[in-house]
Amino acid sequence: MGVQGLKTYMEGNSDVLKRRNFRNSRLVIDGSNLYYSLYFQSHLDQAHGGEYEGFEKVVSRFFANLRICKIKPYVVLDGGDDISNKKFDTLKKRAEDRIKRTDALSKGRRGEALPILIKNVFKQVLRKLKVPLIQCVAEADWEVAALANEWNCPVLSNDSDFYIFDIKGGFLPLSDFHWRKVKSIRQSDKKYIPASWYSVSNLCSTLNCMNKQLLPIFATILGNDYAHLDKTLFPNWTKFSLTPGGNRNIDGLLRWLSRHKCPKDAIKALRSTITNPRDSATVLKVLKQGLQEYRLTPSSIAQFFKRGEPQSKLPRPLQSLPEWFLKALGEGKLNSILLDVLTLHRVTLNFSVQDFSLCSNNLTSRPIRQVIYGLMLQATAEEEQYEVEEYDRQGLTLTSSTVPAILTNLQLDTLWETPQNLRLEVFLDALCVSQAPDELLVPANLQLAVYVTCYWLKRAEPEPRPEFFWALLVGLVYGELSRDPLTEKELPKRLRNLKSCKEETPLDLEAAHAYSQWQGSLRDSICLNQLLNNPVPEPEYARLYSGLFLHHVITEMSRGITPESLLAGAPHALHLYQTLREAVERELDEDLVRRMRAKVKRAQPSERPARRELTDDISMYLIYEDDEEDPRTGKKGKADNQDDEISEQKCLVRTRHKAKSRTSKRDPKAKKSERSCWE
């Protein structure tokens, strides 16, 4: 992200970064950079799929501290990928790096994985806090810089590109923005946040008053997300450096550029050392592009924050989009991946911790995405191209495959004007479920999660173990009841202890893989539901999944503890669990219901991680005996060959959509053959 090596160089230069007590100002925030930094700097769980509730608290505290200091934030989020494809090689490399880092986490090594639903949670929390937010149609860096320059206020980010933009109000590096340490001005109740402040003028003044316009040349030669010039064409910049250490290349290039009056002179000097005419022409072209990319003109998003108008200056493929789409996109109520589908016919999927020896978790939810592709690509019917190229993983390798879109009878232009029952039908068909929301008899906040759970149990390969299903429902119960302090008190102490437990929990890779499939299905279901204008109520995303908690629950179940015993003494919680389970089971065939009701083999002490004993009495145990048949395998005794069987299962993705007519009311006990499904 940004200019290679520049962040380290600037952080070590006290003459450039000035201390500032920041308060009482507008602040334009690089939103994508912020949620990334807040999650990782808060040491929240990564290996178990994410801790969204903890992240919500961190985000809320961040903006509360800004408010205390009378700082007015304006958050700008990235949209779709660059349609020129100049950055595509960089994006592929980043995806490959994410695969490696996530795989390292799955093996217990040091790695990094941003949870699947993090952007959904972030946007929803900001709407809840009423923080001004816009999601751009493309990458946000330029718009962030242009808006801050227009408003004469600083930018907050960790992206080193902002060391190059000449922003009047300067740049606050997020890594040195001490928002957790709000302080007071002496003998005053005025609050401020200690920060480091950068301006292009500060840097140029340390370089013999270098011309500011030379900095884009500097960034382009070093290399950024768009430019990758052959370094062998240029001199060894270290010989011009006046400072020791590992940043001599950067310092030397700056010193060399400071000798020149303007970009034209610097480019001429560079080309004079290049003998090959073709290389010289390439350098000229790339450097001119670099100058243009960092040139600031009036922002195209200011009117959104002032009057709610959609972003102007749209790329040509987006100019025909309906106004409702652009408005919802700008408000962050649609997934930005829809833009990539429409403009590039290409998406790059994200990854979470999973079993990398198995097929990608994204294959489970591919049929849902195919419906999304159909809705988006029908808007460009004249092209007669109803396919999208998906970049996903195969093992540890980034691969691409062509995925056909599934068309519906709905048109994008009039999608939100379509009767709600027709939009709901498309959604339910995509998830292979038959019950309308009012037939589920579950709280509105959990209806989407119930649909996703039904889909997951029927589609996931390998099939999720029963305890994964039970633990997921227990997690939904906890998340729902913890929304209200009154109902949260009704939760059993045993369960609250598990939720607050901070002990290290060994990663159950089989569970992690299953839950990555569930979260992927939820991510794509949210995207489809939003595109259809939420025919299913939008849930509170942060309350639907807690990775550490689910793994703690699974550990308890491996000791023989049942969901009913975990919820004992809390009638409301137990009733909600049973209601959720019944709603899911009504969508499953009899064989799958039987497998999901299977008793859990009790782990031997040597097979389970050591942990503290819970003080509450355990009322119920379900244990396999050696001569008892395992309903999942049909075998007796220990399922020694289970892992071998799982590894041999093939990854099957069914892509033909079959939609059956749906009445507003349906018998919840209708036969499997009477339900809509993927075949």
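Everything below is about the structure printed above this text.
Since the structure is predicted, the reported quantities are computational estimates derived from the model, not experimental observations. (Residues numbered from 1 in each chain as written. Predicted model: local features only at pLDDT ≥ 70, side-chain atom pairs only at ≥ 80, totals over all residues. Heavy atoms only, no water.)

For the rest of this paragraph, the subject is empty space enclosed by the protein. In the structure shown here, the tally under the stated rule is four cavities of 30 Å³ or more. Considering only enclosed or pocket space, the largest cavity measures out at about 90 Å³ in volume. Forming the boundary of the largest cavity are 14 residues, of which Gly 475, Gly 479, Arg 543, Tyr 545 and Ser 546 lie nearest the centre. Those elements that place two or more of their residues in the lining of the largest cavity are α19 (466–481) and α23 (547–558). Broken down by element, the lining of the largest cavity gets its largest block of residues, five residues, from α19. In terms of residue class, the lining of the largest cavity is built from eight nonpolar, three polar and three charged. (1 Å grid on protein atoms, 1.4 Å probe; cavity = no way out; pocket = protein on both sides within 12 Å on 5 of 7 lines; lining within 4 Å. Points joined across faces, edges and corners; volume = space filled by probe spheres on them. Helix = DSSP H or I, 4+ residues; strand = E, 2+ residues; numbered from the N terminus. Nonpolar A, V, L, I, M, F, W, Y, C, P; charged D, E, K, R; others polar.)

Moving on to the sheet that holds strand β10 (residues 387–394). The strand order across the open sheet formed by three strands is β9-β10-β11, and the pairing between neighbours is mixed. Each of the sheet's edge strands pairs with one partner strand only, and the pair in question is β9 (346–348) and β11 (397–404). Between one strand and the next, the sheet's axes are offset by a mean angle of 25°, whatever the strand orientation. With three bridges connecting them, β9 and β10 associate as parallel partners. Residue pairing across strands places Arg 346 opposite Glu 389, the latter belonging to β10. Where helix α14 (residues 337–344) meets the sheet, its contacts fall on β9 and β10, and the angle it forms with β9 comes to roughly 145°. (Pairing = 2+ DSSP bridges. Axes fitted to C-alpha atoms, helices over the stretch in contact; angles between N-to-C directions. Contact = heavy atoms within 4.5 Å.)

Counted according to the given criterion, the structure contains 31 salt bridges. When the shortest N-O distance is used, the salt bridge between Glu 53 and Lys 499 registers 3.4 Å. Of this pair, Glu 53 sits in helix α3 (residues 52–68) while Lys 499 sits in helix α21 (residues 493–500), and the two are 446 residues apart along the sequence. Classification of Glu 53 by relative accessible area gives buried; the value is 14%. One salt bridge connects Glu 585 with Arg 597, and the closest N-O pair in it is separated by 2.7 Å. Residue Glu 585 is found in helix α25 (residues 571–585), and its partner Arg 597 is found in the loop between α26 (590–596) and β12 (629–630); the two are separated by twelve residues along the sequence. Sharing partners across several salt bridges, the network here consists of Glu 53, Glu 56, Lys 128, Glu 480, Arg 483, Lys 499, Glu 540 and Arg 543. (Salt bridge = Lys/Arg side-chain N within 4 Å of Asp/Glu carboxyl O. Buried < 20%, exposed > 50% of the residue type's maximum accessible area, 1.4 Å probe, protein only.)

Just distances and angles here, no functional claims.
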